[in-house]
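Chain residues, written in single-letter form:
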Amino acid sequence: MKTAKRWFIAFVAIIILVLVFICSVNYFVDPYGYFRFQGGNYFELNDDYYTRVLKAERIKNFADEYDAYIIGGSKSSGIRADSMEKFDGHKYYNSYIQSGNFEEYEKYINYIFEQDDDVKKIMLCISSIEVKSYSRQDMGDTYVTPAQVDGRSKIAEVFKMLMKNLKVADEETEKIDEGKTNPVAYPELPTGERNIGKYYDAVSLDPEWFEKRYVLYEQTKSEKEKGVKPETYNFDLQLNKLFNEELEQSEDMKLCLEALRRIKSVCDENGAELSVLFVPSFISEMAVYEGPQFWNYYGEVVKIVGDVWDFSDYNDIILNPYNFYNYGHFFYDVGDLMLETMKENKQVYSDKDETLFTHFGYHVYSDVADCEKDDSELAITVADYLAQREKQYDILRKEYVVNGTIELKDYDDDSNVVKDSPYFDDESLKAREGREDNVRNVYEKTKDDYEY
């Protein structure tokens, strides 16, 4: 009997020790950065961290520092909070999330109003790719809405993180040891936006190499010789989709619009201004959503909120790959140009050719009378805007049918707003802990693999 009791006690002790070991490894290795994010005052990230928790913790613990919030997907990380303050005088926190979606936009906005009773403005940045999927909860652990935002048990979430499969922690440690990732390789700024200093580092090495590798996703010579299939994001593949495929996204569009109506209502109830901004995509990413269904969806968005600022149509800026650090994300300079255009309420970018594409920015109104009251050159009704956008699409499609591609703007064109960027010399964005060396190593290994 005593022997059985001793065995039972030993068994229980072993189980407890194993659990303590698992919890300790997950806590101290912290593969998702979850425990470091508690308190909202931690900004050293890598690409795999659970940044959604940092956003929630920052809002919870520092709400008294802000009276306005940027909500959106990762594109909106290119809009600087300090630039927003210059734009309208509010103190902003950039609460962007990776793979943005309307399900979480609504949840984070509700959470903001719960934590902050002095919200003056919500800037909702629509990337357009939200119509791909209303919810992104099934994309992985770091894409799940945090418990405190979702209304679930925080205790259960902590326990879940402590009991993660140790393989995750082991893989994270291995990646760091082998230099495949870096705990501070993708830091975030205290005001919430993504620190994209490493991309300014990369493009400064060789703009043409950068364009082909990071934006156009061109294959290297060796990849072509080996018969490797081009990446999904490859420019040619994306253009083929853009001009030859019609997407079915009506159900997700419907859910997005329902969420937007609720967002508008909750902002009105809390006396906060809701400003909606359609942000630009490089033209190849437009293949993900563009077409008649999207244009109808766009019209419904404008109808719900009354007016939107738009930078998402076909224009010189999105036809210049040097304005983007990959096919889905623009440099800070593009964000600054958007805000300057909105502040001045006139066309800041212009080109002497004056075609349908030589512009950047419109103030799009649902109501004709409201549009007529705005005597700026940027004011346009949604009906006229959509007719022009469809015309732009048809012009480019004809060019594609004839030539098998479309002509992009080059590095020296006036539409490249990044080439003389002050952010190249911004000390707050500088590379650290070997990041610049890593970028340079990639450049040295691959620069001869592209034909200029």
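For the structure, check the block above.
Now for a quick tour of the structure.

Concerning the sheet that holds strand 8 (residues 362-365)
Within a sheet, neighbouring strands are paired by backbone hydrogen bonds and run either parallel or antiparallel to one another.
Then, number 1: Ordered in space as 2-1-3-4-5-8-9, the 7 strands form an open sheet in which the pairing is mixed. Two strands in the sheet have a free side with no partner beyond their single neighbour: strand 2 (92-94) and strand 9 (379-381). Each strand of the sheet is rotated relative to its neighbour by a mean of 25 degrees, with strand direction disregarded.
Then, number 2: In the sheet, strand 5 (residues 307-310) pairs with strand 8 via 4 bridges, with the strands oriented antiparallel. Bridge pairing links Asp307 to Tyr365 in strand 8.

Quick word on helix 4 (residues 81-88)
In an α-helix, one full turn covers 3.6 residues, which means residues spaced three or four apart are oriented alike.
Then, number 1: For helix 4, the full list of buried residues reads Ala81, Ser83, Met84 and Phe87. Along helix 4, the residues classed as buried sweep out an arc of 155 degrees about the axis, all on the same side.
Then, number 2: Where the residues of helix 4 are buried, they touch strand 1 (68-72), strand 2, strand 3 (121-126) and helix 15 (332-344).
Then, number 3: Among the residues trailing helix 4, Gly89 stands out with phi positive, at a value near 85 degrees.

A word on the environment of Asp414
Then, number 1: Its location among the elements puts Asp414 in the loop between helix 17 (382-403) and helix 18 (435-446).
Then, number 2: Residue Asp414 is classed as exposed on the basis of its relative accessible area, which comes to 54%.
Then, number 3: Separated by 63 residues in the primary sequence, Asp414 and Asp351 place their C-alpha atoms 7.5 Å from one another.

Quick look at the packing of aromatic side chains
Then, number 1: Scanning the model with the defined rule gives 38 aromatic pairs in all.
Then, number 2: With a centroid separation of 6.3 Å and 40 degrees between ring planes, the pair formed by Phe210 and Phe331 is classed as tilted. Separated by 121 residues along the polypeptide, Phe210 in helix 10 (residues 207-215) and Phe331 in the loop between strand 7 (329-330) and helix 15 bring together distant segments of the chain.
Then, number 3: Judged by its relative accessible area of 0%, Phe331 is buried.
Then, number 4: Taken together, the aromatic side chains of Tyr199, Tyr200, Trp209, Phe210, Tyr214, Tyr325, Phe331, Tyr332, Tyr423, Phe424 and Tyr443 make up a single cluster linked through ring pairs.
Then, number 5: Its guanidinium or amino end placed over the ring of Phe62, Arg58 lies 3.7 Å from that ring's centre, counting from NZ or CZ.

Side note on the pattern of salt bridges
Then, number 1: In the structure shown here, the tally under the stated rule is 24 salt bridges.
Then, number 2: The shortest N-O distance in the salt bridge between Lys121 and Asp88 comes to 2.9 Å. Residue Lys121 is located in strand 3, and its partner Asp88 is located in helix 4; the two are separated by 33 residues in the primary sequence.
Then, number 3: Taking relative accessible area as the criterion, Asp88 reaches 26% and is therefore assigned partly exposed.
Then, number 4: In this structure, Arg152 engages Asp150 in a salt bridge whose closest nitrogen and oxygen atoms are separated by 3.1 Å.
Then, number 5: Linked through salt bridges whose partners overlap, the residues forming this network are Glu103, Lys107, Asp150 and Arg152.

About the criteria used
- Residues numbered from 1 in each chain as written.
- Predicted model: local features only at pLDDT ≥ 70, side-chain atom pairs only at ≥ 80, totals over all residues.
- Heavy atoms only, no water.
- Pairing = 2+ DSSP bridges.
- Helix = DSSP H or I, 4+ residues; strand = E, 2+ residues; numbered from the N terminus.
- Axes fitted to C-alpha atoms, helices over the stretch in contact; angles between N-to-C directions.
- Buried < 20%, exposed > 50% of the residue type's maximum accessible area, 1.4 Å probe, protein only.
- Arc of directions from axis to C-beta.
- Contact = heavy atoms within 4.5 Å.
- Phe/Tyr/Trp six-rings, centres within 6.5 Å; stacked < 30°, edge-to-face > 60°.
- Lys NZ or Arg CZ within 6 Å of the ring centre and 35° of its normal.
- Salt bridge = Lys/Arg side-chain N within 4 Å of Asp/Glu carboxyl O.

So yeah, pure geometry; function would need other evidence.
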